[in-house]
Amino acid sequence: MLSRTIRSVLTKTNKCFVNRTFTNCAPRFSGNALLEHVDTDDNRSELPFDFTPHYWEEANKILAKYPPHGKQSATVPLLDLAQRQCKGYVPIQAMHKIAEICGVPRKQVYENATFYAMFNRTPVGKYHVQVCVTTPCMLRGCDEIMEALEKHLGCKNGETDSEGLFTLGEMECMGACVNAPMVVISDYSNPPNFSYDFYEDLTVESAIEVLEKIRRGQKPTVGPQNGRPNSLGPQGRTSLFFDKGSEVQKPYCRDINAQPENKEQKK
Amino acid sequence: MFNLNNKIYYYSKKLQTILLFSKKVNIVIPHFCYHPLLSIAGNCRICMVEVLGSIKPVIACATIIMKGMIIFTNSELVKCIRENILEFLLINHPLDCPICDQAGECDLQDLSMIYGSDKSRFIEKKKSVTNKYFNNIIKVNMTRCINCTRCIRYADELAGVPFLGTMGKGVNMEISNYFKNLFISEVSGNIIDICPVGALNNKITSYQLRNWELYNHVSIDLFDSLNQNILVQTKENNIVRVLPLKKNLINMELITDNARFFYLKMKKNRIFFPFIEYINKLKINNNNCSWNYSIKLFFKYYNKNNKSKIIFLDNYIDFLDLEVVKLLSYKLKFFNTNKYERLFNNNRNNWLLNIDINTFNKIKNIFFMFINLKKTNSILNINIYNNLINETYFNIYSIGIFNENIYKLNHLFISINEINNLYINKLYNLNIFIKNKYDIFRKNNNSNILNKFFIMINKLNIYSNINHEYHYISETSTEIMLHELSLKNVYLNKKKYNFLYNISTYNNIEINKYFNFIVFQISNYNTNIKKNIKYKLALYLPTKIYYENLGIYYNLFFKKQIINTLVISSKNSVANKIVLHVIMEYYNNFK
């Protein structure tokens, strides 16, 4: 309802991007839009899959957190590990392996992998670019950025460009609404290292510049692109003043490690 | 005390949901996702009722009645809620009731008739879903699905084949078998009855019948020793569809696929006239003959071969027929054979299942002896599996041929030599019998090994004072009735025999022997017979199938059940007991 009323207000003031209307918008997905598995050369259940020693170490750390009867809690972090190892997507053989490790029926892993938009089920490029399209970003013009990126990369939403470097995608709210519009770029280019960075306060030009810098091999500055520190307003700091050198006052918290006192002994 | 629709009821400490209590008091609350056999999901929202004091309405299937609650199930607010929720459910539902098989017995159709509004306010695009393939029995129309998730819970909790799931989220959520998994189970057909709309339908009867054309008959199924209670539906003197009978404890509103489609087997190769079959120069010749001639032929060969006259009893013969067979075997000096071996003790406990189906949840440890419960009695198997999910302290062991089951079995690999030589010390595996009390489920097929095994367990009892309970699981109900009548049976040792009299309505015979003359009292011509049995001359007498006349049967729990005539048979086929009586009288008069 909220988005519908905003839409009606915006169309009256003619500030709005006219192309996408809510009645005609396609269902939003990131990665694979199909909710069914399709066999490809790299994505088949017959292929063997196992974590590399580096990822087994991390997987064992995750599994150690849960009791033996609660292993199923490890499915989501393990899916994340598998996605990093396979350079950006979870193939079906990895899902089957995870179901075997966690001792859950296979369908439970399918459910998890299809539910969370951050898991891709088809291969992506080296950099996965996801544009936030929730209400605050939409008001600040995320659709224009999307259009510009589509033109620049020469591919549509949900596709990879001809070089195999960038994949465009949509994303729901990332919690950086103060700095809208924003873009998330996850980096799968050198496997054991993985980064997942926010680029905020974008304009059409700065968004393209971020991508161009990455293409050139440079690392663009993470965070706001218009030069403001974090999410500071135009007036600067208006509350929470601290003197230089003084420590920030923490809220009160009881000593968690202290043992409870016996009331009878007090008396 | 609490108030339900302006009536005061006494509050009991037993926890009860609003929906269950209102069912007792005959107040109807509509529901889609709630099913008495399955766990509560609470996602269809049609069962919402008004509770005084709460800001929002609550779902009746999941809220427990509290002291002093004031509940309204028919107020104007509730009617308004139902209308609105039905509108939401119908957003993505196609309007194809005229070509839907479920029409006439569809919950969604009924409820939208009673509570629904006449038009939809939805203008936006509808959701489209790709179609799925589950099985060769189930026809799937996924666009009709309302996401009640009954099928998912049935596959998980009862059938034990978790192949379905909710894929995706939000508006785009759909029920699918993501990896195109198949639903391979003995009880897969129940998913058709459990689906409240036309998304899952019967593939075999699709586009062939309408609900209001059919006549209902209460009956039982004989392909299982449980004797499942079924509702047989007929149309123009033909059995068209079989459904589980509701409100019965024996099979809990579930039936196996064998019971659901048993009538298809009976339609093939029906015999209408008595005829002779003889093999001449490697060619099989058939000649029709009259009833008079066939009985004369019977006694001609009967008098010739005095030495070995064998009567073979197979499945699906009722109790009254068996009594006549017993008389016949005394008078005509028949030796009786059947594939079930005789038990040593005539105590009734030895050949029955000694627990109720309600008390299955009180069993803690189970031991299966030479038995595959998944195939022989899949409804009992489901019952065990369902209890196993709730309680984790089950110990289940099995011995014999290893078969995979829907739950985890601890299989004891003990060789036959070890059992034959009674080396108890070597059988360290059997220590389990000293620790806990076990319920032992057994079958009587290989009695030699079994008896030695029993002796062994009894010897182990010296170390502990535990009395294990024994349960007998029979293959069919005729086996139970044979034990009840204590019909003697004989092992066939020789290769050649002269005379065989066979009564079996429908089944394969498993004797690899040679006979000069055979009388088949049979309803369907079965080509598989010739693989297992060899003969010179055969006389076929047409009989009625068991559901074409009245019959009395006994259950695995020794419960008496009756089958009435469901379908009228043709003139020439005659009931089993009439043929047997004619033979008896003929023998008395013309001896």
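This is a predicted model, so every value here is computed, not measured.

It is worth spelling out the overall build of chain B at this point. What chain B contains, in helices and strands, is 17 helices and 26 strands. Projected onto its principal axes, the C-alpha coordinates of chain B cover approximately 90 × 65 × 50 Å. Per-residue burial for chain B yields a buried fraction of 56% across its 591 residues. Considering only contacts within chain B whose residues lie at least 6 apart along the sequence, 66% involve residues at least 24 apart. Carbon and sulfur atoms make up 53% of the accessible area of chain B, which totals about 29100 Å². If you average the places of the 73 positive and of the 40 negative side-chain charges in chain B, the two averages end up 8 Å apart.

All names here are of chain B. Here chain B is described as being made up of domain 1 (2-89), domain 2 (137-266), domain 3 (275-338 + 487-554 + 562-590) and domain 4 (352-472). Just the C-alpha atoms count here: the centres of domain 1 and domain 2 sit 28 Å apart. Contact residues are listed per partner, giving 12 residues for domain 1 and 14 residues for domain 2. Both sides of the domain 1 and domain 2 interface together cover about 1100 Å² of buried area, and 60% of this is carbon and sulfur. Among the residues domain 1 hides against domain 2, the three largest losses belong to Phe32, Leu37 and Leu38. Together they make up 49% of the total. Between domain 1 and domain 2 we count zero salt bridges in total.

This paragraph deals with the pattern of salt bridges. Applying the stated criterion across every chain, the model contains 20 salt bridges over all chains. Of the charged contacts, one joins Arg241(B) and Glu105(B) as a salt bridge, the two residues approaching to 3.0 Å between their closest N and O atoms. Pair noted here: Arg241(B) is in strand β12 (residues 238-244) and Glu105(B) is in the loop between α2 (76-89) and α3 (107-114), with a separation of 136 residues, a long-range link. On the basis of relative accessible area, Arg241(B) is assigned to the buried category, the value being 9%. Where Asp193(B) meets Arg260(B), a salt bridge forms, and the shortest distance between an N and an O atom there is 2.8 Å. Of this pair, Asp193(B) sits in helix α5 (residues 190-194) while Arg260(B) sits in helix α6 (residues 257-260), placing them 67 residues apart in sequence. When its relative accessible area of 2% is taken as the criterion, Arg260(B) is described as buried. When salt bridges with common partners are traced through the structure, they connect Asp161(A), Glu163(A), Glu212(A) and Arg215(A) into a single cluster.

So, about the interface of chain A and chain B. In this complex, chain A contributes 21 residues to the contact, which on the side of chain B involves 22 residues. When the area that chain A buries against chain B is broken down by residue, the three leading residues are Leu35(A), Glu36(A) and Lys107(A), summing to 34%. Between Lys107(A) and Asp156(B) there is a salt bridge; the shortest N-O distance is 2.8 Å. Linking chain A with chain B are seven residue pairs in polar contact (both at pLDDT 80 or more), by the criterion used here. Here the side of chain A that touches chain B gets five residues from one element, more than from any other, and that element is helix α5 (residues 106-115) of chain A. Across the side of chain A that touches chain B, the residue classes break down as nine nonpolar, six polar and six charged.

Moving on, we get to the side chain of Ser195(A). Residue position: Ser195(A) is located in strand β4 (residues 195-200). Residues contacting Ser195(A), with those up to four places away along its chain left out, are Ile185(A), Ser186(A), Asp187(A) and Lys219(A).

All names here are of chain B. Every second residue of strand β26 (residues 560-563) is oriented toward a common face, the buried set being Gln561 and Ile563 and the non-buried set Lys560 and Ile562. Note: strand β25 (residues 551-554) against β26, four bridges, orientation antiparallel. Pairing of Ile552 across the sheet is with Ile562, part of β26. Hairpin remark: β25 followed by β26, antiparallel, with five residues in the connecting loop; positive phi at Phe558, about 60 degrees.

Here we come to the confidence of the model for chain B. Residue and element names in this part refer to chain B. When pLDDT is averaged across chain B, the result is 85; 92% of the residues are at 70 or more. Strand β4 (residues 58-59) holds the highest mean pLDDT among the elements of chain B, 96, whereas helix α12 (residues 416-421) holds the lowest, 65. Both confidence scores are given for the complex: pTM 0.87, ipTM 0.86.

Quick look at the sheet that holds strand β13 (residues 275-280) of chain B now. Residues and elements named next belong to chain B. Here seven strands make up an open sheet; going across it, the order is β14-β13-β24-β23-β22-β15-β16 and the pairing mixed. Every interior strand has two partners, whereas the edge strands, β14 (283-288) and β16 (335-337), have only one. If you compare each strand with its neighbour and ignore which way they point, the axes differ by 20 degrees on average. Across the sheet, helix α8 (residues 291-304) touches β13, β15 (309-313), β22 (496-503), β23 (514-522) and β24 (534-542), and the angle it forms with β24 is around 140 degrees.

So, about the UniProt feature "domain: 4Fe-4S Mo/W bis-MGD-type" (unreviewed entry) in chain B. Here, UniProt's "domain: 4Fe-4S Mo/W bis-MGD-type" (unreviewed entry) annotation points to residues 214-270 of chain B. The span residues 214-270 of chain B shows a helical share of 16% and a strand share of 35%, and its end C-alpha atoms are spaced 24 Å apart.

Our focus in this paragraph is the UniProt feature "binding site: [2Fe-2S] cluster" (unreviewed entry) in chain A. Residues and elements named next belong to chain A. Mapped onto the present numbering, the UniProt feature "binding site: [2Fe-2S] cluster" (unreviewed entry) falls on Cys132, Cys137, Cys173 and Cys177. For this annotated set, covering 46 residues, all C-alpha atoms fall within 9.5 Å of each other, a compact arrangement in space. Relative to the helices and strands, Cys137 is located in helix α6 (residues 135-139). Since its relative accessible area comes to 2%, Cys137 is described here as buried. Here Cys173 lies in the loop between β2 (166-171) and β3 (183-187). When neighbours within four sequence positions are excluded, Cys173 is seen to be in contact with Cys132 and Thr134.

Our focus in this paragraph is helix α9 (residues 319-331) of chain B. Residues and elements named next belong to chain B. The end-to-end C-alpha distance of α9 is 19 Å, a good match for the 18 Å that 13 residues give at a rise of 1.5 Å each. Taken together, the buried positions of α9 are Phe319, Asp321, Leu322, Val324, Val325, Leu328 and Ser329. In this fold, the buried residues of α9 make contact with β15, α15 (477-485), β22, β25 and α17 (576-589). In the stretch just after α9, Lys333 is the one whose phi turns positive, near 60 degrees.

Let us now look at the domain arrangement of chain A. Residue and element names in this part refer to chain A. As assigned here, chain A comprises domain 1 (2-23 + 124-224) and domain 2 (28-115). The largest per-residue losses of area from domain 1 upon contact with domain 2 belong to Glu170, Tyr188 and Pro191, which jointly make up 44% of the total buried on that side. One can count zero salt bridges joining domain 1 with domain 2. Summed over the shared surface of domain 1 and domain 2, the number is two residue pairs in polar contact (both at pLDDT 80 or more). Of the residues in the side of domain 1 that touches domain 2, the class split is six nonpolar, one polar and three charged.

Calculation notes
Residues numbered from 1 in each chain as written. Chains lettered and ligands numbered in written order. Predicted model: local features only at pLDDT ≥ 70, side-chain atom pairs only at ≥ 80, totals over all residues. Heavy atoms only, no water. Helix = DSSP H or I, 4+ residues; strand = E, 2+ residues; numbered from the N terminus. Buried < 20%, exposed > 50% of the residue type's maximum accessible area, 1.4 Å probe, protein only. Contact = heavy atoms within 4.5 Å. Areas by Shrake-Rupley, 256 points an atom, 1.4 Å probe, with all protein chains shown as cover. Lys, Arg positive; Asp, Glu negative; His and termini not counted. Charge placed at Lys NZ, Arg CZ, Asp CG, Glu CD. Domains from an automatic or database assignment. Buried area = accessible area lost by both parts, 1.4 Å probe. Salt bridge = Lys/Arg side-chain N within 4 Å of Asp/Glu carboxyl O. Polar contact = N/O pair within 3.5 Å; in protein donor to acceptor, adjacent residues only side chain to side chain. Nonpolar A, V, L, I, M, F, W, Y, C, P; charged D, E, K, R; others polar. Pairing = 2+ DSSP bridges. pLDDT = per-residue confidence, 0-100. Axes fitted to C-alpha atoms, helices over the stretch in contact; angles between N-to-C directions. UniProt positions renumbered as here; feature names shortened; annotations may be inferred. Expected span 1.5 Å × (residues − 1).

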